[in-house]
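Structural description and commentary
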Amino acid sequence: MLNSKKTNILLAMAGAAVLMASSPVLAQAPAAPAPASAPAAAAPVTPDAKPESVNEAVGGHHSNGITPISMFMEATVVVKVVMAGLLLASIFSWTLLLIKLFEFGSLNRKTDNFLENFRGARTIADMRAVATQEEFDGNPLADMAAAATEEIELSRQSGLSVTGDHLDSALGRATAAVSAVQSGLAKRLSGGQQFLASVGSIGPFVGLFGTVYGIMNSFIGIAESNTTNLAVVAPGIAEALLATGIGLFAAIPAVVFYNYFNTRIAGYGTRADGFAAELLNGISRQLDKGA
């Protein structure tokens, strides 16, 4: 009985050993060290290999990022000249904005003071005295009043009866004197407008010229290097496109300033027209009164 039990135990152990040996997992266990050789085969391709190749393709000066200053410095001479000219035009436009804002502010303040004093005048002589004051020297409305009253005074000195038979002719000459001053008003106030109009109209096209020239050089470089890698050709194209961006940067403010000052000039012209009517009415009234 005991021997049969021992025999059964030995058979069970032998069967277990056979099953374990035939198991797929255990059967592959000896082959486990094989993957260790894979890293050795892949060793030439390291994580640092790709960035080095990109840096070599792009160039060391682009590896730290592309900025507008670096693009300007790397651009060709023609593109540099275009961008520098557009930047100067933009600076002049902003400077002109400040100058004309100051000019119109001073003009309106002086005009307000002149009208306040002028409307207190009771005779043509008083009008002339106010218009010829030194503090109003150069003011367009004061020049109009001075020209009209001077024409009346010259007519009187010529022996003409400005309050009688020659009233209409005297008023006609005064009106002509006012119109002469008004005719130069628009030209006087529109200083710098032509420059703003020129920058606003041709600025984008000048920038586009720089872009076309730069892209043309970039494509020539592509042909010579025999590569279409975007990392290589993109910096040159970006430098060329910067010229168009600067052209728009110069043109857009110039157009805005031009339209703004046109509105201010037209507004002051309307104010001058109203004063001309007020001035001639006042002179006519004084002449009718015999002043």
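Before reading on, note that the structure itself is shown above.
Residues numbered from 1 in each chain as written. Predicted model: local features only at pLDDT ≥ 70, side-chain atom pairs only at ≥ 80, totals over all residues. Heavy atoms only, no water.

A short note on the overall build of the protein
Selection criterion: Secondary structure elements follow DSSP: runs of H or I no shorter than four residues count as helices, runs of E no shorter than two count as strands, and numbering proceeds from the N terminus. Accessibility here uses a 1.4 Å probe with only protein chains present; expressed as a share of the type maximum, an area under 20% marks a residue as buried, one over 50% as exposed, and anything in between as partly exposed. A contact between two residues is defined here by any heavy atoms of the two lying within 4.5 Å. Accessible surface area values rest on a Shrake-Rupley calculation with a 1.4 Å probe, where residue burial reflects the displayed protein chains alone.
Summing up its helical and strand segments, the protein has twelve helices and zero strands in all. The secondary structure elements of the protein, listed N-terminal to C-terminal, are α-α-α-α-α-α-α-α-α-α-α-α. Per-residue burial over the protein gives 30% buried out of 291 residues. Summarising the internal contacts of the protein: among those between residues at least 6 apart in sequence, 82% fall at separations of at least 24. Accessible surface, the protein as shown: approximately 17300 Å² in total, 65% of it carbon and sulfur.

What about the pattern of salt bridges?
Close approach of charged atoms allows side chains with opposite charge to pair. Which entries qualify depends on this criterion: The term salt bridge refers to a side-chain nitrogen of Lys or Arg lying within 4 Å of a carboxyl oxygen of Asp or Glu.
According to the stated counting rule, one finds four salt bridges in the structure shown. The partner of Glu151 in a salt bridge is Arg173, and the shortest N-O contact between them spans 3.4 Å. Within this pair, whereas Glu151 is found in helix H8 (residues 140-157), its partner Arg173 is found in helix H9 (residues 167-183), the two being separated by 22 residues in sequence.

Concerning the packing of helix H7 (residues 124-131) against H8
Geometrically, a packed helix pair is captured by the angle between its two axes and the distance between the axes. What counts, and what does not: Axis lines are fitted to C-alpha atoms, over the contacting stretch for helices. Their N-to-C directions set the angle, which ranges from 0 to 180 degrees. Between 65 and 115 degrees an angle is taken as roughly perpendicular, under 35 as roughly parallel, over 145 as roughly antiparallel, and anywhere else as oblique. Should the near helix be turned counterclockwise from the far one by less than a right angle, the crossing is left-handed, whereas a clockwise turn marks it as right-handed.
At a closest axis distance of 9 Å, the pairing of H7 and H8 adopts a crossing angle of 135°. Taken together, the axes of H7 and H8 lie oblique to each other. Along this stretch, H7 crosses H8, giving a crossing that reads as left-handed. Facing Ile124, Met127, Arg128 and Ala131 of H7, the residues of H8 in contact are Ala142, Ala145, Ala146, Thr149, Glu150, Ile152 and Arg156.

Focus on the packing of aromatic side chains
As a reminder of what qualifies: When the centres of two rings from Phe, Tyr and Trp lie within 6.5 Å, Trp using its six-membered ring, the rings pair. Their planes under 30 degrees apart give stacked, over 60 give edge-to-face, and anything left gives tilted. For a Lys NZ or an Arg CZ to count as sitting over a ring, it must be within 6 Å of the ring centre and within 35 degrees of the ring normal.
Using the criterion set out here, one finds nine aromatic pairs in the structure. Of the aromatic side chains, those joined through ring pairs into one cluster are Phe114, Phe118, Phe136 and Phe275. If you follow Lys100 out to its NZ or CZ, it ends over the ring of Phe261, 5.5 Å from the centre.

Describing the nonpolar core
For the record, the criterion: Remark: nonpolar core denotes a set of buried residues (Ala, Val, Leu, Ile, Met, Phe, Trp, Tyr, Cys) joined through side-chain atoms within 4.5 Å.
Within the largest apolar cluster, 44 residues are counted, with the highest numbers of intra-cluster contacts made by Phe114, Phe118, Phe275, Leu279, Ile283 and Leu287. Secondary-structure elements contributing two or more residues to this core are helix H6 (77-118), H7, H8, H9, helix H10 (185-189), helix H11 (193-225) and helix H12 (230-288). At 13 residues, the largest contribution of residues to this core is made by H12. Excluding anything up to four places from it in sequence, Phe118 contacts Met127, Val130, Ala145, Phe275, Glu278 and Leu279.

A look at the side chain of Lys100
Short version of the rule: Think of it this way: Lys and Arg go in the positive column, Asp and Glu in the negative one, and His and the chain ends go nowhere.
The topology assignment puts Lys100 in helix H6. It turns out Lys100 is buried and unbridged, and the closest side chain with the opposite charge, Glu103, is 4.1 Å from it. When residues no more than four places from it in sequence are discounted, the contact partners of Lys100 are Leu189, Ser190, Gly191, Gln193 and Phe261.

Details of the packing of H6 against H7
Here is the rule we go by: Residues are grouped as follows: Ala, Val, Leu, Ile, Met, Phe, Trp, Tyr, Cys and Pro are nonpolar; Asp, Glu, Lys and Arg are charged; every other residue, Gly included, is polar.
The interhelical angle for the contact between H6 and H7, taken along N-to-C directions, is 160°, at an axis separation of 10 Å. It follows from the interaxial angle that H6 and H7 lie roughly antiparallel. Crossing geometry of H6 relative to H7 is assigned as right-handed. Note on element contacts: H7 touches H6 through Met127, Val130 and Ala131, opposite Phe114, Asn117 and Phe118. Here the contact of H6 with H7 is composed, by residue class, of five nonpolar, one polar and no charged.

Describing the side chain of Gln193
Definition in use: Throughout this description, a polar contact denotes any pair of N or O atoms lying within 3.5 Å of each other; where both atoms belong to protein, one of them has to be capable of donating a hydrogen while the other can accept it, and for residues adjacent in sequence the pair is counted only when both atoms sit in side chains.
As for its position among the elements, Gln193 is in helix H11. Of the residues examined, Gln193 reaches a relative accessible area of 5% and is grouped as buried. Here the side chain of Gln193 touches Asn262 through a polar contact of 3.0 Å, side chain to side chain. Every residue in contact with Gln193, bar those within four places of it in the chain, is listed here: Lys100, Phe257, Tyr258, Phe261, Asn262 and Ile265.

Some words on the environment of Thr211
For Thr211, the position within the fold is in helix H11. Separated by 31 residues in the primary sequence, Thr211 and Leu242 have C-alpha atoms spaced 7.4 Å apart. With near-sequence residues (within four places) excluded, Thr211 lies in contact with Ala240, Leu241, Ala243 and Thr244.

A closer look at H8
What counts here: Expected helix span is taken as 1.5 Å per residue step, with the number of steps being one fewer than the number of residues.
In this model, H8 (18 residues) spans 25 Å end to end at C-alpha, consistent with the 26 Å of a helix rising 1.5 Å per residue. All of the buried residues in H8 are Pro140, Leu141, Ala142, Met144, Ala145, Ala146, Ala147, Ala148, Thr149, Ile152 and Ser155. Two residues or fewer past H8, Gly159 is found with a positive phi of approximately 85°.

Some remarks on the environment of Asp112
Tracing the sequence through the fold places Asp112 in helix H6. On the accessibility criterion, Asp112 (39% relative accessible area) is partly exposed. Looking at Asp112, its side chain comes within polar contact range of the side chain of Arg271, at 2.3 Å.

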